[in-house]
Amino acid sequence: MMPSEQPKEIFLKDYLPLDFKIDSVDLTFELNASETLVTNRMKFVRQSESTLLKLDGEHLELLSVEKDGKELKPSDYQLSAHALVLNCPEESFELVVRTKVDPESNTRLEGLYRSSGNYCTQCEAEGFRNITYYLDRPDCLSYFTTKIIAYPHENKVLLSNGNLVEFGDLEDGRHFATWEDPHKKPCYLFALVAGNLEVVEDHFETKDGRRVDLRLYVQAKNLDKCDHAMASLKKSMKWDEDRFGLIYDLDVYMIVAVDDFNMGAMENKGLNVFNSKFVLAKPETATDVDFEGIESVIAHEYFHNWTGNRVTCRDWFQLTLKEGLTVFRDQEFTADMLSPAVKRIEDVKRLRSVQFPEDAGPMSHPIQPQSYIEMNNFYTMTVYEKGAEVVRLYQTLLGKDGFRKGMVLYFNRFDGQAVTVEDFRNAMADANQRDLSQMHQWYIQSGTPKVTISKHYDSESKTLSLTFDQTVNGKHHHPLLIPVVFNVLSADSSQQGKELLFSVDEADKVRCYPADAGWLFEFSELSETLVLHNIEQDGYLSLFRGFSAPVLVDYECTKDELVALACYDSDSFVRWESIQTLALENLVDNVEVAGNGLPMHLSDAYVKALEANLLDESLDLALKSLAITLPDESYLLETLSNKGLLIDTDSVVAVYDYMKKSIAESFESVLRALYEKMGQPEVYHYGKEAIASRMLKNRCLNYLAKLHEQEELVYRQFSLQSNMTDVFAALDAMKPYNTNQKEASLADFYNQWQTDDLVLDKWFMLQASDQSDKAVEQVKRLVEHPDFHYTNPNRVRSVLGVFGRLNMRGFHHVSGEGYEFLASEVLKLDKINPQVAARIVAPFTQWKLYDMKRQTMMKAQLERLMNSSQLSKDVFEIVSKSLNK
Ligand code: B3K
Ligand code: ZN
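Residues numbered from 1 in each chain as written. Chains lettered and ligands numbered in written order. Predicted model: local features only at pLDDT ≥ 70, side-chain atom pairs only at ≥ 80, totals over all residues. Heavy atoms only, no water.

1. Remarks on the overall build of the protein chain
What the protein chain contains, in helices and strands, is 26 helices and 32 strands. Relative to a compact globule of 885 residues, whose C-alpha radius of gyration would be 29 Å, the protein chain shows 28 Å and is just as compact. With the C-alpha coordinates aligned to their principal axes, the bounding extent of the protein chain is approximately 90 × 70 × 60 Å. Per-residue burial over the protein chain gives 61% buried out of 885 residues. Put simply, the protein chain shows about 34100 Å² of open surface, and 50% of that area lies on carbon and sulfur atoms. (Helix = DSSP H or I, 4+ residues; strand = E, 2+ residues; numbered from the N terminus. Rg over C-alpha atoms; globule rule 2.2 N^0.38 Å. Buried < 20%, exposed > 50% of the residue type's maximum accessible area, 1.4 Å probe, protein only. Areas by Shrake-Rupley, 256 points an atom, 1.4 Å probe, with all protein chains shown as cover.)

Set out below in structure tokens:
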């Protein structure tokens, strides 16, 4: 059944400008755990003929409304569960609205709530309406002043956006602080934090010589875990100045770490609120992946200060304007800090494993969605990661300098405004005097485009003709502008990897020209043929170098061609891609034979490529590690489904077991030698080489762990306790074991870390992803554990999120128990935190990928959810779309 009232769908086409603007807003908070009083003084100016003012508000108790100093009677306004509506014929007027909210019982973690006894807020997308009545939309920009009043013994720290302008004590024993934000902003960027937090301080000198105070607020017990976050912030500030000329614009930048947070972090102006997972780290407690995550999320939120805050979105349909662009910026930052090649491959892996399936499923939407029921459901991989790929297309087409020129014009034109994706595109186009109107299609087309390529070599004329065709979901649509970066390599074994010379016709030079990583072909029609002239042989095609566009590629090439590219291509992406394709072909073959009960095999071509990459001494260690890693399970599922095959998860699990074990057996001595060579560094160091070496070492360990005679190695690495990266890798490698020593290791780990929530999440995660025959029983035990709390999103994601996404054997158990369990958990969670529940339900959206037996059971659980009473609109939207209702 539906939520208590029919949820409303909001459409982009219905956008209307504001009838009223709010010039300034003056907020006073009198903090109290269950009864916080909010006084909101707003100065309005009417901007249209319409006199009806509709202020958004939810979960509020209205105490009073005053207009121009006069208290209004209930008959002067209309009040509903979502709005306060008043007639305002005046040109300009002041409203004072008083409301009461209950932070303590706010488990939705939206608006004002408490986490570990501290007050904090989350307003994006529409959380501000849970604090007070307001025009809660991103194009309503105003100047904010915030006064916070509270008892000092429990709220030593009182923070809000901007600069601290006044503070002091009140006669009643409370104290106060007043903050003034000199920049106009939409209310989704509002923040308030109060509590007994400790601060770590540092500063940054901007390139125009100003001092910015940097402050990190954490709980006292976490003071020793802040160095990396602070260093990341300083690196981000410097990078944005160097790369884009963007300088920070306030005197203070504050970050607060909270334990209960619905997502990663939030870019509130001058006062970021972070999930503590993306702030706190020290080598004993955090893995390399955690350290990298912190560096990139700190950068991401910092970069939002310009892309998002100074120039914001006109409406939520423009979300990718700030998110796609800011993800692109953080990707470029990480590439510069660590390794561009490794970062690119990791991003492509994520895009394919998570975004491609999303775009092929029932929640598929363009990067600019056309409608939504619950906006929070549209903070998706599509809007973020595909959005970032689309921004990258501009840079690929215009070059780094051209892209930067476009950014400069974008800020010159739109600083302080709320704009659209078209405004961004026009800035890019105008700054480079180029017509980019065709790029519009990337914003409105959902689904992953497929490019089919064929080639023909004519030895008489020495021409190589390449034919390109583009479709989405098997159909021709309006053509997308797809940059194809490519090269042609020699097919002679004596000239491995050599790039062949060729030329293009004069007329073709506008659509095909030399670029950084080879040639760039601007593929802009549904079907096109490109002829390369004066080319000596029918070479090997190195296509979509650097993953130059977010597409699926269909190009029939021989195993020899793939092996050669996997061993010699100078483009690290294509080299990795080719070995992945060999692995994928091998996996697909095995899934087919496993389903028929026939013996599996490790293909000769894949073995050859693996061997060459394992033995190549000149290959970067992280790239070597990526080369020998099998494609993610979800990418295999995606591939099987594109071939029209329904998935029997038991075969998939069996195939991965077989492949890992066979690789370990075939390369045991090489893997062991590499493992030893990577050594055990004495002191943990965060840096490109050190990370790469741990990554390769632990990849080798993971394979070796499959061999009984190497088990000791795993236990030894665990017992060394050198750093969390290695400890976690050892525990992860032990997962398939059924030994007392594994149980003892997990118990030791728990005892050592039971008071550290972030480490404890890892302990939960390891067990929730353990694909044993008892996987469902195990996860049921985990939610009963005294340290499991439904109110803490990190814990919920560590158990329920991991189980649904990563435990194929448990979630897809043929008894259906896994489905039944997760659906029941979603129902429980939906009452507590709908945003998190809507994320946990996501694995069910993929039901059509699986075999009929599983499809039927998954669908039955979706129906069960749909029929349950009082579903939140968050979960309702996902479930109803999955059932196509
Ligand atoms: N802008 C926030 C995300 C808000 C999510 C609201 N459900 C974090 C980020 O993308 O930087
Ligand atoms: Zn963001």
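Having seen the model, we can carry on.
2. Thoughts on the packing of helix 8 (residues 559-568) against helix 9 (residues 572-595)
For the pair helix 8 and helix 9, interaxial distance at closest approach is 7 Å and the crossing angle is 135°. Our classification of the angle between helix 8 and helix 9 gives oblique. The interaxial crossing formed by helix 8 with helix 9 has left-handed handedness. Where helix 8 abuts helix 9, its residues Lys559, Leu562, Val563, Leu565, Ala566 and Cys567 lie against Arg575, Ser578, Ile579, Thr581, Leu582 and Glu585. Residues of the contact of helix 8 with helix 9, tallied by class, amount to seven nonpolar, two polar and three charged. (Axes fitted to C-alpha atoms, helices over the stretch in contact; angles between N-to-C directions. Parallel < 35°, antiparallel > 145°, perpendicular 65-115°, else oblique. Left-handed = near helix turned anticlockwise from the far one by under 90°. Contact = heavy atoms within 4.5 Å. Nonpolar A, V, L, I, M, F, W, Y, C, P; charged D, E, K, R; others polar.)

3. Remarks on the site of ligand 1
Around ligand 1, 15 residues are found, and the nearest of them are Glu124, Glu267, Glu301, Asn376 and Tyr384. Here a nitrogen atom of ligand 1 sits 3.4 Å away from a polar atom, N or O, in the side chain of Lys322. In this structure, Asn376 approaches ligand 1 through a side-chain N or O atom, which is 2.8 Å from a nitrogen atom. When the free accessible area of ligand 1 is taken as 340 Å², the share hidden by the protein chains comes to 94%. Elements with a minimum of two residues in the shell around ligand 1: strand 20 (265-266), helix 2 (288-304) and helix 3 (319-337). Broken down by element, the shell around ligand 1 gets its largest block of residues, three residues, from helix 2. (Near = heavy atom within 4 Å. Polar contact = N/O pair within 3.5 Å; in protein donor to acceptor, adjacent residues only side chain to side chain.)

4. Quick notes on helix 9
Over its 24 residues, helix 9 extends 34 Å from the first C-alpha to the last, a length consistent with the 34 Å expected when each residue adds 1.5 Å. Backbone geometry just downstream of helix 9 places Gly597 in the positive-phi region, at approximately 70°. (Expected span 1.5 Å × (residues − 1).)

5. Observations regarding the sheet that holds strand 21 (residues 271-275)
Strand order in the open sheet made by the five strands is 17-18-19-21-20, with mixed pairing throughout. Each of the sheet's edge strands pairs with one partner strand only, and the pair in question is strand 17 (198-205) and strand 20. Pairing analysis gives eight bridges linking strand 17 to strand 18 (residues 211-218), with the strands arranged antiparallel. Bridged to Glu198 within strand 18 is Val218. Packing against the sheet, helix 1 (residues 227-244) makes contact with strand 17, strand 18 and strand 19 (252-258), and its axis sits at approximately 25° to strand 17. (Pairing = 2+ DSSP bridges.)

6. A closer look at the pairing of strand 10 (residues 111-115)
For strand 10, a buried count of four out of five residues is recorded, marking the element as mostly surrounded by other parts of the structure. Pairing of strand 10 with strand 11 (residues 118-122), which is carried by five bridges, proceeds in the antiparallel orientation. Residue pairing across strands places Tyr113 opposite Cys120, the latter belonging to strand 11. Counting the residues between successive antiparallel strands, the hairpin from strand 10 to strand 11 contains two residues, one of them, Ser116, with a positive phi of roughly 45°.

Keep in mind these values describe shape, not function.
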